[in-house]
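Analysis of the macromolecular model
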Amino acid sequence: MPTAGEAMGGSSIGDSAVGGSVMGDSALGVNGRADAVRADASQSSPLSSPVTIDVFHLPSGVEPAEYATYDVTTAAGVRQLRYPVFNGPGIAALARQLTEARARRLAAMSVNDILDVLARAAELWTDPDFELRRHAELLIPAITGYQSDMVRIELKRYMRQFRRRELLRFLDAEIGQPAMLDGFRPNKAGGYSRYVGPRLTYQVFSSNVPGIPVWSMVMTLLVKGAILGKSSFSEPVMPAFFARSIAMIDPELADAIAVVPWKGGSQELEDPAIDAADAVIVYGSSTTTKLIAGKVAGAKPCLGYGAKIGLAFIGREALRPDTYADTVHRAAVDIATYDQQSCLAPQTIFVETGGALAPREVAQLLGGELEGQQRKYPRAVLSDAENMAIQRARTNTEMQALMGGSDAVIASRNGTAWTVLYRELEADAGVAGAVETAVVAATGRGAAETLTSLMSPLNRTINVVAVPDLMDAVGQLTNCRGWLQSCGVAVDSSRLFGLADALAQVGVDRVCPLGEMDRAKSGWHHDGGFNLIDLLRAVDIERGSDTYSDSFDLDME
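What counts and how
Residues numbered from 1 in each chain as written. Predicted model: local features only at pLDDT ≥ 70, side-chain atom pairs only at ≥ 80, totals over all residues. Heavy atoms only, no water. Helix = DSSP H or I, 4+ residues; strand = E, 2+ residues; numbered from the N terminus. Buried < 20%, exposed > 50% of the residue type's maximum accessible area, 1.4 Å probe, protein only. Contact = heavy atoms within 4.5 Å. Areas by Shrake-Rupley, 256 points an atom, 1.4 Å probe, with all protein chains shown as cover. Salt bridge = Lys/Arg side-chain N within 4 Å of Asp/Glu carboxyl O. Axes fitted to C-alpha atoms, helices over the stretch in contact; angles between N-to-C directions. Parallel < 35°, antiparallel > 145°, perpendicular 65-115°, else oblique. Nonpolar A, V, L, I, M, F, W, Y, C, P; charged D, E, K, R; others polar. Left-handed = near helix turned anticlockwise from the far one by under 90°. Phe/Tyr/Trp six-rings, centres within 6.5 Å; stacked < 30°, edge-to-face > 60°. Expected span 1.5 Å × (residues − 1). Right-handed = clockwise from strand over helix to strand, strands pointing away. Pairing = 2+ DSSP bridges. Core = buried A, V, L, I, M, F, W, Y, C linked by side-chain atoms within 4.5 Å.

**What about the overall build of the chain?**
- Assigned secondary structure in the chain consists of 20 helices and 18 strands.
- Among the 557 residues that make up the chain, the fraction classed as buried is 52%.
- By sequence separation, contacts in the chain at least 24 residues apart represent 79% of the contacts at least 6 residues apart.
- Carbon and sulfur atoms make up 52% of the accessible area of the chain, which totals about 23,600 Å².

The structure is reproduced here in structure tokens:
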């Protein structure tokens, strides 16, 4: 069987499939978004010799015939990021090699042994001096524009989710009998069952939140599926580096993983990857997830994780003199973390009246907290379009105020670093209801109108809505089902479960403490689904089959 490189019709240049010349540099620096730092290798100065870092992972023995590079300017200097260039036949050959590698090692391992490898790989990332961690902390801020200290802190917290005790808890919670991943085990019906995972998954990784691909990779490997991952040029680091950390623990298992960046929508590469896979997992915009789902044939599982809206609910009890400062600070942390680019982040906060602080005062204090976050963790540099979207949202709110509404804009003095858009549900609920009724009758677009009021331009832009009672706000969300995901809450325990029940009815699938919206716990049900079970099919040996088989044993009495 030809290697992927041979399938491309070229000769190998003899480079390591999982490594590169990664040098030891300090983890500092921010240089704007990926579009601002990406450059073709031909644009590099011939007099310079930047350090080259591989942002891909391939099975051993796969040696591409062609590589390309682009430069990223970090605080430690220019880094040249290298990746292999594939064509359609090359991707098809790579998929076959991944499937064969899975059969040799991954499929034969017990789930406990796989878990141990993953946990040991994750444990490497808890060491501040671990080489790949230091380079991730250097590269990710430069590529994404996220502030370097924020990246360092959030990655450190995130990777701890994959330690052994967390993975054991997660496996037991979702599977019940993890040993069913290894073979047939007795089931409650009196027969036997086992779970069979996909031989190969094709995964499309998003770039908005560093580290998210690691979650998908871990879940797939636990069900013994090989991975063909397409990473993004806007953040190719973490999936490739995590695969390489697995290779440090178990090179044979890592041979069932490939992570390669290529341009989104490249049909020549995408189609053979989808055709070869038993399951497809897609992270990205709603447009991306729908386009790829449309290419997945038949009953092949396609798990799409597209755009969602996060909300927060602050009860009057969280605004007592002894609690309001912490409450407002927690809300600001949720807004500032990764600049709301995560679908977990809040876009609208509902604040209940009747507390020691009025909702308008909460909005003002929130502005002060966001200013503090800006000084500590400066927001990424935005594009002109992103800045214009924020200015447009500010202008629309100011226009509502000029027309006699209760709306107000609390914003950073210079630029668009942060914005709080305040309004009151009680004052405009009747008007909104009448408008929604008319729109639904005329166009059937009532849900979109409601969604528009909940959405923000992101990048630390937040809607704060005053409500007489939090349940009033829940009642306004009925038409948003399918778009809602996480909800951060700050309410008394006597109200928590009633509020959570109401939110569940309108489509929310995750309720968490305010201040922890961007830090989902290991084992959460992403978009209300199952992380492992949705990738599995069950095989049953029905009750009585073993007894019937015993009848053919001549030694049985």
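What follows continues from the structure just given.
**Re the pattern of salt bridges**
- Tallied over the entire structure, the rule returns 21 salt bridges.
- Salt bridges sharing common partners tie together Arg316, Glu317, Glu352 and Arg495.

**Thoughts on the packing of helix 5 (residues 131-144) against helix 9 (residues 237-249)**
- It is at 10 Å that the axes of helix 5 and helix 9 come closest, and there the two elements cross at 170°. The orientation of helix 5 relative to helix 9 falls into the category roughly antiparallel. Facing helix 5, whose interface residues are Leu132, His135, Ala136, Leu139, Ile140 and Ile143, helix 9 presents Val237, Met238, Phe241, Arg244, Ser245 and Met248.
- Each residue belonging to the contact of helix 5 with helix 9 can be placed in one class, and the counts come to nine nonpolar, two polar and one charged.

**Notes on the packing of helix 3 (residues 88-104) against helix 11 (residues 267-276)**
- For the pair helix 3 and helix 11, interaxial distance at closest approach is 8 Å and the crossing angle is 25°. In terms of orientation, helix 3 and helix 11 fall into the roughly parallel class. When the axes of helix 3 and helix 11 are compared, the crossing they make is right-handed. The segment helix 3 lies against helix 11, with Gly88, Ile91, Ala92 and Ala95 engaging Glu268, Leu269, Pro272, Ala273 and Ala276.
- Per-class residue counts for the contact of helix 3 with helix 11 are seven nonpolar, one polar and one charged.

**Structural notes on the packing of aromatic side chains**
- Within this structure, the stated rule accounts for 13 aromatic pairs.
- Look at Phe56 and Tyr67: their rings are 5.8 Å apart centre to centre, the planes differ by 45°, and that puts the pair in the tilted class. Here Phe56 is found in the loop between strand 1 (51-54) and strand 2 (67-74), whereas its partner Tyr67 is found in strand 2, with eleven residues between them in sequence.
- On the accessibility criterion, Phe56 (0% relative accessible area) is buried.
- Of the residues examined, Tyr67 reaches a relative accessible area of 16% and is grouped as buried.
- When the centroid spacing of 4.9 Å and the interplanar angle of 55° are considered together, the rings of Tyr146 and Tyr338 count as tilted. In this pair, Tyr146 sits in the loop between helix 5 and helix 6 (148-159) while Tyr338 sits in the loop between helix 13 (324-336) and strand 12 (346-352), placing the two residues 192 residues apart along the sequence.
- Look at Tyr146 and you get buried, because its relative accessible area is 5%.

**Structural notes on helix 5**
- Taking 1.5 Å per residue as the helical rise, helix 5 with its 14 residues ought to reach 20 Å, and the 20 Å between its terminal C-alpha atoms agrees with that figure.
- Counting buried positions over the 14 residues of helix 5 gives twelve, a clear majority of the element.
- Inspection of helix 5 places Leu132, Arg133, His135, Ala136, Glu137, Leu138, Leu139, Ile140, Pro141, Ala142, Ile143 and Thr144 among the buried residues, and these make up the whole buried set.
- Phi turns positive, to about 90°, at Gly145, one or two residues after helix 5.

**A short note on helix 13**
- Counted at 1.5 Å a residue, the expected span for helix 13 with its 13 residues is 18 Å, and the 18 Å between its end C-alpha atoms agrees.
- At its buried positions, helix 13 is contacted by helix 6, strand 11 (309-314), strand 12, helix 14 (359-376), strand 15 (461-467) and strand 16 (484-490).

**Notes on the pairing of strand 7 (residues 226-231)**
- Of all six residues in strand 7, six are buried; the element is thus mostly enclosed.
- Alternating positions in strand 7 separate into two faces, Ala226, Leu228 and Lys230 on one and Ile227, Gly229 and Ser231 on the other, with burial throughout.
- For the handedness criterion, the β-α-β arrangement of strand 6 (residues 200-204), helix 8 (residues 212-222) and strand 7 is classed as right-handed.
- Note: strand 7 against strand 8 (residues 257-261), five bridges, orientation parallel. Paired with Leu228 across the two strands is Ala258, which belongs to strand 8.

**Here's the deal with the side chain of Gln203**
- With respect to the helices and strands, Gln203 occurs in strand 6.
- Those residues in contact with Gln203 that lie beyond four places of it in its chain are Ser216, Met217, Thr220, Ile227, Leu228, Gly229, Lys230 and Ile281.

**A closer look at the nonpolar core**
- Leu222, Leu228 and Ile246 are the most contacted members of the largest nonpolar core, which totals 104 residues.
- Among the elements that take part in this core, helix 9 stands out by supplying nine residues, more than any other.
- The residues touching Ile246, leaving out its near neighbours within four places in the chain, are Val117, Leu118, Ala121, Leu221, Pro251, Leu253, Ala254 and Ile257.
- One finds Leu319, Ala417, Val464 and Ala466 within the second-largest nonpolar core, a separate group that totals 28 residues.

Function cannot be inferred from these measures alone, as they are strictly geometric.
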